[in-house]
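Topology and contacts: notes
Residue-level listing of the chains:
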Amino acid sequence: MSVKRVLQYGEKTLREPSKEVHKVSKKVQELVQDLLDTMYAKNGVGMAAPQIGTNLRVFVVDVSKNDEPLNPIVFINPKIIKKSGSCVAQEGCISFPEAYTDVKRYENVTVKALDRNGRPFIIEAKDGELLARAIQHENDHLDGILFIDHCVNRFETDEILAKHKLPLIEPEKLIND
């Protein structure tokens, strides 16, 4: 398919909730391929449909390392069905070029979703590993939530955003888990 333009923080679509996918059609499969193409072109770990301007509940993740073969996981209509623990680590986002901040996430998550062929699956991500964080990050995009909404230090995050000429945090969007 093709590499799409990635919306940047401040663009309205990133804050809008996404709609459920009712049928894994050819159009949805093309969207999945566009997400993968765009994620790989931007050296990302994940990419959600809202980031390319499509508010559907679809995201992709690939946490394979440089020396490993690509291992994309496609999530359509994902639902986090179990979550526990907490951990803090630096996070960034392709929609926030070069801006990173400490974010609090659940350490363990279990997700049910449909794969790119519309088949249901369940995946468990544990111990605060990259997969667990990426799933939560991308799933948040589907609800109009951004990684900075989970920041550990609001004022430090505002400084980082200002340094990169990005809009500051919207205090009413902050999530205190």
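Above: the structure in question.
This report concerns the structure included in the present document. Throughout, residues of each chain are indexed from 1 in the direction in which the sequence is written. Only residues with pLDDT of at least 70 get local features here, since the model is predicted, and only at 80 or more are side-chain atom pairs given and counted; chain-wide, interface and lining totals rely on the full set of residues. The side-chain figures draw on all heavy atoms in the structure; neither hydrogens nor water molecules are used.

Strands are runs of DSSP state E lasting at least 2 residues, helices are runs of H or I lasting at least 4, and numbering of each runs from the N terminus. Scanning the protein from terminus to terminus reveals three helices and seven strands. In sequence order, the secondary structure elements of the protein are arranged as α-β-β-β-β-β-β-β-α-α. Here the C-alpha radius of gyration of the protein, 15 Å, is about what a compact globule of 177 residues would show, namely 16 Å. Residues classed as buried in the protein amount to 45% of the 177 residues present. Note on definitions: a residue-residue contact is assigned when non-hydrogen atoms from the two residues lie within 4.5 Å. Across the protein, every contact between residues at least 6 apart in sequence was considered, and the portion connecting residues at least 24 apart equals 63%. Per-residue accessibility takes into account occlusion by the displayed protein chains alone, with areas from the Shrake-Rupley method and a 1.4 Å probe. Split by element, the accessible area of the protein, about 9,400 Å² in all, is 50% carbon and sulfur. Positive charges come from Lys and Arg alone, negative charges from Asp and Glu alone, with His and the N- and C-terminal ends not counted. Taken as the charge centre is NZ of Lys, CZ of Arg, CG of Asp or CD of Glu, depending on the residue. Considering the protein, the positive charge centre built from 25 side chains and the negative charge centre built from 27 side chains are found 6 Å apart. C-alpha atoms define the radius of gyration in this analysis, and the globule rule sets the expected value at 2.2 Å times the number of residues to the power 0.38. Whether a residue is buried, partly exposed or exposed follows from its accessible area with a 1.4 Å probe, protein chains only, as a fraction of its type maximum: under 20%, in between, or over 50%, in that order.

A few words on helix 2 (residues 130–141). Here, expected helix span is obtained from the residue count minus one, scaled by 1.5 Å. Taking 1.5 Å of rise per residue, the 12 residues of helix 2 would be expected to cover 16 Å, and the 17 Å separating its terminal C-alpha atoms lies within 8% of that figure. Buried residues dominate helix 2, accounting for 11 of its 12 residues. Buried within helix 2 we find L131, A132, R133, A134, I135, Q136, H137, E138, N139, D140 and H141.

Despite not being glycine, N77 shows a phi value in the positive range, around 50 degrees. Relative to the helices and strands, N77 resides in strand 3 (residues 73–84). On the accessibility criterion, N77 (12% relative accessible area) is buried. Non-glycine residue D127 carries a positive phi angle of around 60 degrees.

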